[in-house]
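# Descriptive structure summary
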Amino acid sequence: MEGSKSEAVFESMNLNPQLFINDAINTIEDYVDAAFEFYGQEASKILKIDGSDPAKSQDLSNSIERVRNLIQSVMDKRMEMWEVYCVKYCFAVPDGFVLPKTQEESSSSSVYSDQEMKDQDLDAQLDSLRDKLNLVGKRSEELDSELQALERASASREQSVRLVNEALELYDESSVGEMFKEMAKVASDLRARVDTLKTRRMKASESGKVETLNNHGKEFSAMTSDGKLEDLEKFQAELRKM
């Protein structure tokens, strides 16, 4: 770990992972020493071995030492593995890690970040306003089109109303009533004239028969023909008045 990037990073933060690992290992060894010391004392009490019999005391000490050596060898290997694991994984600086900035750099970076955030907010607001303006423009065009359509429809309705009003003025109630009265009068006159013509024709027919018998039909034919033409001309004149 010495001379590596991780060491430089931890030193910049006033930390030393190797000291932490060494302290942990020393603490464990202290616990082991205390444990075996207690183990020797308890074994002496149980076996009732004291300083009066140096041979037994030495045999006990040698036995405890051999047990400790067995345990210590296994423990040392495990602690070496733990140290390697801590250095490689627990205290390794990941790729792309950037050292924390100083207070001045942090303050300047903070100011820059605040300004950048403000600029981004302004850009977002401007984009939002542009979108709203585009929507308003499209809606305005739609409203103009609808207004023009309404104006054309209104002009068409006004033209229709004007034509209807003119027609009503031409054919108001008084004019229609007078027209019907005139038509009734003309129809009545026509009916009277038709009746008169029928009567004349009947009389002429009767008198024509008499004249035909007397004059062999010559004078009567001329007279009736003149009478018929005159009546037909009057009838046509009345029809033209209608």
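Everything below is about the structure printed above this text.
Scope of this entry: the structure provided in the associated data block.

Reading the values: rules and limits
- Residues numbered from 1 in each chain as written.
- Predicted model: local features only at pLDDT ≥ 70, side-chain atom pairs only at ≥ 80, totals over all residues.
- Heavy atoms only, no water.
- Helix = DSSP H or I, 4+ residues; strand = E, 2+ residues; numbered from the N terminus.
- Buried < 20%, exposed > 50% of the residue type's maximum accessible area, 1.4 Å probe, protein only.
- Contact = heavy atoms within 4.5 Å.
- Areas by Shrake-Rupley, 256 points an atom, 1.4 Å probe, with all protein chains shown as cover.
- Expected span 1.5 Å × (residues − 1).
- Core = buried A, V, L, I, M, F, W, Y, C linked by side-chain atoms within 4.5 Å.
- Phe/Tyr/Trp six-rings, centres within 6.5 Å; stacked < 30°, edge-to-face > 60°.
- Salt bridge = Lys/Arg side-chain N within 4 Å of Asp/Glu carboxyl O.
- Axes fitted to C-alpha atoms, helices over the stretch in contact; angles between N-to-C directions.
- Parallel < 35°, antiparallel > 145°, perpendicular 65-115°, else oblique.
- Left-handed = near helix turned anticlockwise from the far one by under 90°.
- Nonpolar A, V, L, I, M, F, W, Y, C, P; charged D, E, K, R; others polar.

The subject of this paragraph is the overall build of the chain. The helix and strand inventory of the chain stands at six helices and zero strands. The order of helices and strands in the chain, counted from the N terminus, is α-α-α-α-α-α. Expressed as a percentage of the 242 residues in the chain, the buried residues total 11%. Within the chain, contacts between residues at least 6 apart in sequence are counted, and of these 66% link residues at least 24 apart. Here the chain displays about 20,200 Å² of accessible surface, and carbon together with sulfur accounts for 57% of that area.

Right, let's get into helix H2 (residues 17–47). For H2, with 31 residues, the first-to-last C-alpha span of 45 Å sits near the 45 Å given by 1.5 Å per residue. Restricting attention to buried positions, one finds in H2 the residues Pro 17, Ile 21, Ile 25, Val 32, Phe 36, Gly 40 and Ala 43. In the segment just after H2, Lys 48 is the residue with positive phi, at about 55°.

Turning our attention to the nonpolar core. Membership of the largest hydrophobic core comes to 15 residues, with the highest contact counts inside it found for Ile 21, Leu 60 and Phe 91. Elements supplying a minimum of two residues to this core: helix H1 (5–12), H2 and helix H3 (54–90). Contacts of Ile 21, omitting those with residues within four sequence positions, involve Trp 82, Glu 83, Cys 86, Val 87 and Phe 91.

For the coordinates displayed, the defined rule picks out three aromatic pairs. Ring plane angle 65° and centroid distance 5.9 Å describe the contact between Phe 20 and Phe 91, whose orientation is recorded as edge-to-face. Here Phe 20, found in helix H2, pairs with Phe 91, found in the loop between H3 and helix H4 (103–170); they are 71 residues apart in sequence, far enough to count as distant. Classification of Phe 20 as partly exposed rests on a relative accessible area of 46%. For Phe 91, a relative accessible area of 17% corresponds to the buried category. Taking the centre distance of 6.4 Å and the plane angle of 80° together, the rings of Phe 36 and Tyr 39 count as edge-to-face. Of the two residues, Phe 36 and Tyr 39 are both situated in helix H2; the distance of three residues between them amounts to about one turn of the helix. We classify Tyr 39 as partly exposed; its relative accessible area is 44%.

All right, on to the pattern of salt bridges then. Charged atoms that come close allow side chains of opposite charge to pair. One pass over the full model with this rule turns up three salt bridges. A salt bridge links Glu 142 to Arg 139; the shortest N-O distance between them is 3.1 Å. Highlighted residues: Glu 142 and Arg 139, both in helix H4, separated by three residues, approximately one helical turn. With relative accessibility at 43%, the residue Glu 142 sits in the partly exposed group. Relative accessible area serves as the criterion here: at 42%, Arg 139 is assigned to the partly exposed category.

For Gln 72, the location among the structural elements is in helix H3. Apart from the residues lying within four places of it in its own chain, the contact partners of Gln 72 are Glu 29 and Val 32.

Among the residues of H3, those classed as buried are Leu 60, Ile 64, Gln 72, Met 75, Met 79 and Cys 86. Contacts made by the buried residues of H3 are with H2.

A few words now on the packing of H2 against H3. The interhelical angle for the contact between H2 and H3, taken along N-to-C directions, is 160°, at an axis separation of 11 Å. Here H2 is positioned roughly antiparallel relative to H3, judged by the angle of their axes. Crossing angle aside, the handedness with which H2 passes H3 is right-handed. Of the residues in the contact of H2 with H3, the class split is 18 nonpolar, four polar and four charged.

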